[in-house]
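Notes for the structure review
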Amino acid sequence: METTLILLKPDTVERGFIGQVITRLEQKGLKISGLKMMQLSDELVTEHYDFLADKPFFPNIKAYMMRTPVVAIAASGANAIATVRMLTGATNPQEALPGSIRGDFGLTIDGNIIHASDSAETAEIELKRFFGGSDVFEYSRGFDGVL
Ligand code: ATP
Ligand code: MG
């Protein structure tokens, strides 16, 4: 079973879609292992999107990610990392297919609703970054999608 890191970005919080996005994760069968609201600092956003630091839109990303609090989620399940990326859809909501979270809730790249870890390596780093190795819980729901 894998665990991945998800952020519900400020536009999701502002537009009142926290519940609808979490519902999609739960209805897919993923387990919520950690859940918290956080106001991101300049330092944390810079670390998280470090690979975009030289892009012209980086100041916009920083302003976006710090505009209101985000909701950080640790979600667990079989193949959780790739599964959540699939549910999330393409980076740009204009290209994300209907049925995906970005395809259904987002309009432009400047408000793309959700972040999801893109590999096992990244998930491990990001879970530490946002949950600091604590507040991620292991509990049984009986059936987690794998017999
Ligand atoms: P995320 O990491 O947020 O899950 P992603 O993995 O689909 O998104 P990345 O290439 O990692 O895409 O980009 C990180 C974030 O940077 C995007 O989600 C988006 O908010 C922002 N971003 C990426 N490309 C652009 C762009 N061309 N213009 C504006 N913002 C962008
Ligand atoms: Mg990414």
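The notes below deal with the structure included here. (Residues numbered from 1 in each chain as written. Chains lettered and ligands numbered in written order. Predicted model: local features only at pLDDT ≥ 70, side-chain atom pairs only at ≥ 80, totals over all residues. Heavy atoms only, no water.)

Quick look at the environment of aspartate 11
Definition in use: The helix and strand labels rest on DSSP assignments: H or I over at least four residues marks a helix, E over at least two residues marks a strand, and numbering proceeds from the N terminus. The classification of residues rests on relative accessible area computed with a 1.4 Å probe and restricted to protein chains. Under 20% of the type maximum is buried, over 50% is exposed, and intermediate values are partly exposed. Working rule for contacts: check all heavy atoms of both residues, and any pair within 4.5 Å makes them a contact.
Examined against the element boundaries, aspartate 11 turns out to sit in helix H1 (residues 10-14). Relative accessible area serves as the criterion here: at 5%, aspartate 11 is assigned to the buried category. Taking C-alpha positions, aspartate 11 is 9.6 Å from proline 69, a pair spaced 58 residues apart along the chain. Leaving out residues up to four positions away in the same chain, aspartate 11 has contacts with Tyr64, Arg67, Gly111, Asn112 and Ile113.

Comments concerning the site of ligand 1
Keep this limit in mind: Each residue is tested against the molecule or strand, and it is near if at least one of its non-hydrogen atoms lies within 4 Å. Polar contact is the term for a pair of N or O atoms within 3.5 Å; when the atoms are in protein, one must be able to donate a hydrogen and the other to accept it, and sequence-neighboring residues count only if both atoms are side-chain atoms. Per-residue and other accessible areas were derived by the Shrake-Rupley procedure at a 1.4 Å probe size, with only the shown protein chains allowed to occlude residues. Side-chain classes are defined by residue name, with Ala, Val, Leu, Ile, Met, Phe, Trp, Tyr, Cys and Pro counting as nonpolar, Asp, Glu, Lys and Arg as charged, and the others, Gly among them, as polar.
Around ligand 1, a shell composed of 13 residues is seen, among which Tyr49, Arg85, Thr91, Asn112 and His115 lie nearest. In the environment of ligand 1, an oxygen atom lies 2.8 Å from a nitrogen or oxygen atom belonging to the side chain of arginine 85. At 2.5 Å from an oxygen atom of ligand 1 is found a side-chain nitrogen or oxygen belonging to threonine 91. Contact with the protein chains removes 79% of the 580 Å² of surface that ligand 1 exposes when unbound. When its residues are assigned to classes, the shell around ligand 1 shows seven nonpolar, three polar and three charged.

Some details on the pattern of salt bridges
Short version of the rule: Counted as salt bridges are all cases of a side-chain nitrogen of Lys or Arg within 4 Å of a carboxyl oxygen of Asp or Glu.
Taken as a whole, this structure holds seven salt bridges when the rule is applied. With its nearest N and O atoms 2.9 Å apart, the salt bridge here joins arginine 24 to aspartate 104. Residue arginine 24 is located in helix H2 (residues 18-28), and its partner aspartate 104 is located in helix H6 (residues 101-105); the two are separated by 80 residues in the primary sequence.

Re the packing of aromatic side chains
Selection criterion: The rule is short: rings of Phe, Tyr and Trp, with Trp giving its six-membered ring, pair when the centres are within 6.5 Å, and they are stacked under 30 degrees, edge-to-face over 60, tilted in between. A ring is considered to have a charge above it if a Lys NZ or an Arg CZ atom is located within 6 Å of its centre and within 35 degrees of its normal.
One pass over the structure, following the stated rule, counts two aromatic pairs. Between tyrosine 49 and phenylalanine 51, the aromatic rings sit 6.2 Å apart at their centres with planes inclined by 70°, giving edge-to-face as the arrangement. Residue tyrosine 49 is classed as buried on the basis of its relative accessible area of 8%. The residue whose ring lies beneath lysine 31 is tyrosine 139, and the NZ or CZ to ring-centre distance is 5.0 Å.

Quick word on the environment of serine 41
Looking at the element boundaries, serine 41 is found in the loop between strand S2 (31-38) and helix H3 (42-48). Judged by its relative accessible area of 35%, serine 41 falls in the partly exposed class. Each C-alpha atom of the pair serine 41 and arginine 129 lies 12 Å from the other, and the pair is 88 residues apart in sequence. In this structure the side chain of serine 41 is engaged in a polar contact, spanning 3.1 Å, whose partner is the backbone nitrogen of leucine 44.

Remarks on the sheet that holds S2
To keep things clear, this is the line we draw: Whether two strands pair comes down to DSSP finding at least two bridges between them. Interaxial angle, 0 to 180 degrees, is taken between N-to-C directions of lines fitted to C-alpha atoms, where a helix line uses only the stretch in contact.
Reading across from one edge, S2-S3-S1-S4 is the order of the four strands in this open sheet, with antiparallel pairing throughout. This sheet does not close on itself; its edge strands, each paired only once, are S2 and strand S4 (114-116). Across the sheet, the mean angle from the axis of one strand to that of its neighbour is 20°, orientation sign disregarded. Against the sheet, helix H7 (residues 120-131) contacts strand S1 (2-8), S2, strand S3 (70-77) and S4, and its axis sits at roughly 55° relative to S1.

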